Amino acid sequence: MVNRSYIKVFVENGVGVIQLDRPQVANALNREMVDEIVAETEAFDRDESVRVIVVKGNDKAFAAGADIEEMLEDTPLSMELLDPFAVWDRLTRIKKPLIAAVNGFALGGGFELALHCDLIIAGETAQFGFPEVKLGVMPGAGGTQLLTKAMGKRKALEWIWFGASMSAKEAMNHGVINRVVAPEMLEEETMNMANQLANQAPISVRLIKEAAGKAEELSLLDGMKLERKNFYLTFDSQDQTEGMQAFMEKRSPSFKGV
């Protein structure tokens, strides 16, 4: 395990784990912490030994928003010059699967961090929401866009306008998260899912993520063209040969990511 200023990082069976580590402030995200999260995510994306990336908090909080104290003296000009949200854009370019494991609060920037992940697993007591309107501001790291894509405009506006929190069950019912489990089972369920995904063909997983990610941006025809192109590309991999040969031989495939 490697300790940064605000996160802990380790690799377990091909799964790169980033654990948020500011427990004294419920893992509130300051700018340095976000920089560390993004940098380590990118490092895992480049690491051939890592196939899946997990982001998690602790038992009480995933991340309870941004560090408000850090922003008290900001002005429109200082924000424009600093452009603190630009670093978040780099998360959209991660090619490997990203899984968020959420216990406790995922609010504001913490909710945005979870929404930047491909899959979200939550404990039954988790709470999601954007309280920014109660501070006279609004989400700035993609919240209005990501939540609207996940649940539709009307419901997203309701949650964001009123700064309300939603339970894990509500979030799952609206298609915002994937699974709800007992809080004490979150770690095990997340790693089980990550390990299963790590055993899939890495090239196929990457190309599926690309195609699914473009589905909302492209027309149906253009999306199908991209899917078809990516399907053809899999036939240039040794994993495609291994996967089909293993199927014919009635054995489990051993994918190498080549």
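Refer to the preceding data block for the structure.
Here is what the cut-offs are and how they apply
- Residues numbered from 1 in each chain as written.
- Predicted model: local features only at pLDDT ≥ 70, side-chain atom pairs only at ≥ 80, totals over all residues.
- Heavy atoms only, no water.
- Phe/Tyr/Trp six-rings, centres within 6.5 Å; stacked < 30°, edge-to-face > 60°.
- Helix = DSSP H or I, 4+ residues; strand = E, 2+ residues; numbered from the N terminus.
- Buried < 20%, exposed > 50% of the residue type's maximum accessible area, 1.4 Å probe, protein only.
- Pairing = 2+ DSSP bridges.
- Core = buried A, V, L, I, M, F, W, Y, C linked by side-chain atoms within 4.5 Å.
- Contact = heavy atoms within 4.5 Å.
- Salt bridge = Lys/Arg side-chain N within 4 Å of Asp/Glu carboxyl O.

Given two aromatic rings, their pairing is described by the distance between the two centres and the angle made by the two planes. Counted according to the given criterion, the structure contains 4 aromatic pairs. Here phenylalanine 111 and phenylalanine 128 contribute two aromatic rings whose centre-to-centre distance is 5.4 Å and whose plane-to-plane angle is 50 degrees, an arrangement assigned as tilted. On the criterion of sequence distance, the pair formed by phenylalanine 111 in helix H5 (residues 109–115) and phenylalanine 128 in strand E9 (residues 127–129) is long-range, its members being 17 residues apart. Since its relative accessible area comes to 0%, phenylalanine 111 is described here as buried. Members of the aromatic cluster, each reached through a chain of ring pairs, are Phe111, Phe128 and Phe130.

On to the sheet that holds strand E3 (residues 15–20). Reading across from one edge, E1-E2-E3-E4-E6-E8-E11 is the order of the 7 strands in this open sheet, with mixed pairing throughout. Each of the sheet's edge strands pairs with one partner strand only, and the pair in question is strand E1 (2–3) and strand E11 (179–181). In this structure, E1 lies alongside strand E2 (residues 7–12), joined through 2 bridges in antiparallel fashion. Bridging from a neighbouring strand, valine 2 pairs with valine 9 of E2.

Let's shift gears to the nonpolar core. Judged by nonpolar contacts, the single largest core of 44 residues is most densely connected at Leu20, Phe62, Val102, Phe128 and Leu147. Filtering out sequence-adjacent residues up to four positions away, valine 102 remains in contact with Phe62, Ala114, Ile120, Ile121, Ala122, Gly123, Ala126, Phe128 and Leu186. Of all hydrophobic cores here, the second largest spans 14 residues; its members include Val15, Val54, Ile121 and Met191.

The next thing to look at is the side chain of glutamate 40. Relative to the helices and strands, glutamate 40 is located in helix H1 (residues 31–46). Aside from chain neighbours lying at most four places away, what touches glutamate 40 is Arg4, Ile7, Val9 and Ile18.

Let us now look at the pairing of strand E6 (residues 98–102). Counting buried positions over the 5 residues of E6 gives 5, a clear majority of the element. Burial along E6 is two-sided: the face carrying Leu98, Ala100 and Val102 and the face carrying Ile99 and Ala101 are both buried. Bridge count for strand E4 (residues 52–56) against E6 is 4 bridges, and the pairing is parallel. Bridging from a neighbouring strand, lysine 56 pairs with alanine 101 of E6. Where E6 lies against strand E8 (residues 119–123), 4 bridges are found, and the strand directions are parallel. Looking across to E8, one finds that valine 102 is bridged to alanine 122.

Enumeration over the complete set of coordinates arrives at 11 salt bridges. With its nearest N and O atoms 2.7 Å apart, the salt bridge here joins glutamate 42 to arginine 90. In this pair, glutamate 42 sits in helix H1 while arginine 90 sits in the loop between helix H4 (86–89) and E6, placing the two residues 48 residues apart along the sequence. Residue glutamate 42 is classed as buried on the basis of its relative accessible area, which comes to 19%. Residue aspartate 118 pairs with lysine 209 through a salt bridge whose shortest N-O separation is 2.9 Å. With a gap of 91 residues between them, aspartate 118 in the loop between H5 and E8 and lysine 209 in helix H10 (residues 202–214) connect regions that are remote in the sequence. Residue class for aspartate 118 comes out partly exposed when judged on its relative accessible area of 36%. A single network of salt bridges, built from pairs that share partners, joins Arg31, Glu70 and Asp74.

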